[in-house]
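# Structure at a glance
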Amino acid sequence: MRPTLPLIVLAVLILSPTVLAATTEVSFTNPDKFSDARLNRDYGRGADDSVLKDLKAHIEKLGERYLQAGQSLKVDIRDIDLAGRFEPWRVELHDVRIMRSVTWPRIKLHYRLEQDGKVLVSRDATVSDQTYLEHGNYYFSSDRLRYEKAMLDDWFRWNIAPKDRTISY
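This text gives an overview of the structure that appears in the document.

The next thing to look at is the packing of aromatic side chains. Applying the stated criterion to the full structure yields five aromatic pairs. Where W155 meets F156, the ring centres are 5.6 Å apart and the plane angle is 85°; that geometry is what we call edge-to-face. Neither residue differs from the other here; W155 and F156 are each classed as buried. Here the aromatic cluster, defined as three or more aromatic residues joined through ring pairs, consists of Y66, Y111, W155 and F156.

Turning our eyes to something else, we now look at the pairing of strand 4 (residues 118–128). Two elements, strand 3 (residues 106–115) and strand 4, share 10 bridges in a ladder whose sense is antiparallel. Pairing of Y111 across the sheet is with R123, part of strand 4. Linkage of strand 3 to strand 4, two consecutive antiparallel strands, is achieved through a turn of two residues, within which D116 is found at a positive phi near 50°.

With 18 residues, helix 2 (residues 49–66) extends 26 Å between its outermost C-alpha atoms, agreeing within 8% with the 26 Å of an ideal straight helix rising 1.5 Å per residue. Here helix 2 has its buried residues at V51, L52, L55, H58, I59, L62, G63 and Y66. The arc enclosing the buried residues of helix 2, seen along the axis, measures out at 145°, which places them on a common side. Structural note: helix 2 exposes D49, K53 and E64 on the side pointing more than 90 degrees away from its buried face. The inward-facing, buried residues of helix 2 abut strand 1 (23–28), strand 2 (71–81), strand 3 and helix 3 (146–159).

Overall, mixed pairing links the four strands, which are arranged 1-2-3-4 in an open sheet. Of all the strands in the sheet, the pair left with one neighbour each is strand 1 and strand 4. Between one strand axis and the next, the sheet turns through 15° on average, direction left out of account. Of the pairings in the sheet, the one linking strand 1 to strand 2 comprises six bridges and is parallel in character. Looking across to strand 2, one finds that S27 is bridged to D76. Lying on the sheet, helix 2 is in contact with strand 1, strand 2 and strand 3; it crosses strand 1 at an angle near 155°.

A few words now on the packing of helix 2 against helix 3. The geometry of helix 2 relative to helix 3 is characterised by a closest axis approach of 11 Å and an angle of 30° between their N-to-C directions. As far as their axial angle goes, helix 3 and helix 2 are roughly parallel. When you trace helix 2 past helix 3, the crossing you get is right-handed. Of the residues in helix 3, those touching helix 2 at L55, H58, I59, L62, G63 and Y66 are E148, K149, L152, D153, F156 and R157. Taken together, the residues of the contact of helix 2 with helix 3 sort by class into six nonpolar, two polar and four charged.

Analysis parameters
Residues numbered from 1 in each chain as written. Predicted model: local features only at pLDDT ≥ 70, side-chain atom pairs only at ≥ 80, totals over all residues. Heavy atoms only, no water. Phe/Tyr/Trp six-rings, centres within 6.5 Å; stacked < 30°, edge-to-face > 60°. Buried < 20%, exposed > 50% of the residue type's maximum accessible area, 1.4 Å probe, protein only. Pairing = 2+ DSSP bridges. Helix = DSSP H or I, 4+ residues; strand = E, 2+ residues; numbered from the N terminus. Expected span 1.5 Å × (residues − 1). Arc of directions from axis to C-beta. Contact = heavy atoms within 4.5 Å. Axes fitted to C-alpha atoms, helices over the stretch in contact; angles between N-to-C directions. Parallel < 35°, antiparallel > 145°, perpendicular 65-115°, else oblique. Left-handed = near helix turned anticlockwise from the far one by under 90°. Nonpolar A, V, L, I, M, F, W, Y, C, P; charged D, E, K, R; others polar.

Remember, this is a structural readout, not a statement about activity or role.
This is the structure in structure tokens:
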């Protein structure tokens, strides 16, 4: 008896990696009404396209890192409040966000994680980091979204990454 069926199945899986590939989709609901997603002092609500583009790329990169084969993640961002604030009385600091312990980053979202078409998790979440100034950040200081990226990194590790991780000291 020849093992042709297992070889055919193996060949199909090898030749079609998209069957097992993980996917991440990011969308934004009403970005013109976001609380604070601007990188300049332009007053009012809304979001800069550069902020949306950078956060989308970062979430997709995290999906590539943490999702397992056959998983898909859909993230719908519903509000963004970046770390820090522009202080209007500081006219000499044009477009500089002042970071204080009371101006932590926050992102409201809905996410749906599926494994081979079966829903594992579907829920609303508010991702925030109230201690963003008290711990290290491994992004360059020139990265204007470094606090938001570090916050999303932590959230992904605790909510999306495989749960069979071990802690070693």
